[in-house]
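Take a look at the letters that make up each chain.
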Amino acid sequence: MGELYAGTYVVYTNVKVKDFFDFWLEKEMRPRIADSTYKSYHDAIRLYVVPAIGNINMTDLKRSHVQNLYYDTETKSITIAKRVKTIMNTSMRYAVSRKIISGNPAKEVSLPKKIKQNPYHQRSIDVKKTLNIEQVVTLVEAARESPIYMEVLFAVMMGLRRSEINGLKYSDIDYINRTLTVKRQLGNAPNKEKEDVPIKTYGKQEIILKTQSSYRILPIPDFVFEAILERRKIYEKNRRRRSKTFQDLDFICCSSYGRPRSKMYYWPHYKKLLRENNLPDITFHDLRSTYCTLLLKNDFNPKAVSKLLGHAKEIITIDVYGDTAEIIEDCLSELQPFIDDVLPEEELEDKADFSGDDYLECFGKLLA
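So, here's what we can say about the structure. Counting restarts for each chain: residues are numbered from 1 in the order of the written sequence. Confidence filtering applies because this is a predicted model: local features only for residues at pLDDT of at least 70, side-chain atom pairs given and counted only at 80 or more, and all residues used for totals across whole chains, interfaces and linings. Hydrogens and waters are ignored; side-chain quantities use all the structure's heavy atoms.

1. Observations regarding the pairing of strand S2 (residues 179–182)
Piece 1. The pairing criterion is simple: DSSP has to find at least two bridges between the two strands. Where helices and strands are cited, they refer to DSSP runs of H or I of at least four residues and of E of at least two residues respectively, numbered from the N terminus. Where strand S1 (residues 173–174) meets S2, two bridges bridge the pair, whose relative direction is antiparallel. Each residue of the ladder has a partner; that of Ile 173, found in S2, is Leu 180.
Piece 2. Both S2 and strand S5 (residues 216–219) contribute to a ladder of four bridges, which runs antiparallel. Opposite Thr 179, over in S5, you have Pro 219 as the bridge partner.

Here it is in structure tokens:
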């Protein structure tokens, strides 16, 4: 009765840690997280958490067990240690809420001090992982004749995620107002295996976006809008030419047979562009980082930038892209029209849809 009154009564007393994680990951998390996140959690639990504490009863789990787990994983990889900490914090809060344990053994347990902690609201970005404006121009010009031209434009000039780019359809375009509605992504559907879907479509399922904030309407830069119109002509030509085999699925980024692209399709073409044009060897996702960095460096309202990127909160944008002092000093003068003429800061603070026909006009002028 005292435990009930204090809120510490435990309903399930004989649950092993490994059994708890099997239930938590498969039944609670898998339906609600991206497939890539699920796989990273699954591997971390299988390789590190279960071998270390899997046979302990949940009711016997102590802070010392969690602390030792962090120390052990830190010797393997700092990235793994941080991932395990996220898993432990999230799962243990769930265990408390379901009366599996009376208290959270992971609460306030820190990673080893040798792991560098990021200052609050700040994360440094390596200069080698973002492009300056001249490098952006070089990349876009080089990409014109490549199979991933539209993909590069959507990433570096509109800040879209790779999976969001793959999911774009011509029906998402408002040709009158020149806006793009981001409403889907392509990836692995939760709780489905390869045998559950048609062949060669496992990583190309239409799935919901990462967060509710990822659903957004973006103004299309003139330069990108013209490229979309040209790509649509090619799409229609292929549809007429291959009427019997063409898959009219309406995807902007697709093969000549109308089939959507996979995430791995980008890699060889993108790396070739970087290599042949002496550009930094950055990931494709770093083009999104470049887009955001350019905005924040020019004192754009962080709330507005968060909405453009589809971040759930302003703090996410600041945490990830905040420290940019030495990254793009050489392009400030060329980007000033971006601030003065395209999206005035006063409007950005009040509007969520960021209307404006000439959005990112400065990029268009540079690339003309």
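From this point, the narrative continues.
2. Quick look at the side chain of Glu 236
Piece 1. Mapped onto the elements of the fold, Glu 236 is located in helix H9 (residues 222–241).
Piece 2. At a separation of 2.8 Å, a polar atom in the side chain of Glu 236 contacts the side chain of Arg 232. Two N or O atoms form a polar contact when they lie within 3.5 Å of each other; inside protein one atom must be a possible hydrogen donor and the other a possible acceptor, and for residues adjacent in sequence the pair counts only when both atoms belong to side chains.

3. Observations regarding the packing of helix H7 (residues 149–158) against H9
Piece 1. The N-to-C vectors of H7 and H9 enclose an angle of 160°; their axes lie 11 Å apart at closest approach. As far as their axial angle goes, H9 and H7 are roughly antiparallel. Relative to H9, the crossing made by H7 is left-handed. In contact with Tyr 149, Met 150, Leu 153, Phe 154, Met 157 and Met 158 of H7, H9 contributes Phe 223, Val 224, Ala 227, Ile 228 and Arg 231. Angles run from 0 to 180 degrees between N-to-C directions of axes, and those axes are lines fitted to C-alpha atoms, restricted for helices to the stretch in contact. Orientation categories follow fixed angle ranges, with anything under 35 degrees roughly parallel, anything over 145 roughly antiparallel, 65 to 115 roughly perpendicular, and all other angles oblique. Left-handed describes a crossing in which the near helix is turned anticlockwise from the far one by less than a right angle; the clockwise case is right-handed. Contacts: residue pairs with any heavy atoms within 4.5 Å of one another.

4. Some words on the packing of aromatic side chains
Geometrically, a pair of aromatic rings is defined through the distance of the ring centres and the angle of the planes.
Piece 1. Aromatic rings from Phe, Tyr and Trp, taking only the six-membered ring of Trp, are treated as a pair when their centres fall within 6.5 Å; an angle between ring planes under 30 degrees marks them as stacked, one over 60 as edge-to-face, and anything in between as tilted. Applying the stated rule across the entire model yields nine aromatic pairs.
Piece 2. With a centroid separation of 5.9 Å and 85° between ring planes, the pair formed by Phe 21 and Trp 24 is classed as edge-to-face. Here Trp 24 and Phe 21 lie together in helix H2 (residues 17–29), a separation of three residues that amounts to about one turn. Here the two residues Phe 21 and Trp 24 agree in accessibility, since each one is buried.
Piece 3. By the ring-pair criterion, three or more aromatic residues cluster together here, those being Phe 20, Phe 21, Trp 24, Tyr 41 and Tyr 94.
Piece 4. A cation over a ring is seen here: Arg 162 above Tyr 266, with NZ or CZ 5.9 Å from the ring centre.
Piece 5. Here the basic side chain of Arg 261 rests over the ring of Tyr 265, its NZ or CZ set 3.9 Å away from the ring centre. Partly exposed describes any residue whose relative accessible area lies between the buried limit of under 20% and the exposed limit of over 50%, with all areas from a 1.4 Å probe on protein chains only and scaled to the type maximum. Definition used: whenever NZ (Lys) or CZ (Arg) falls within 6 Å of the ring centre and also within 35 degrees of the ring normal, the charge is taken to sit over that ring.

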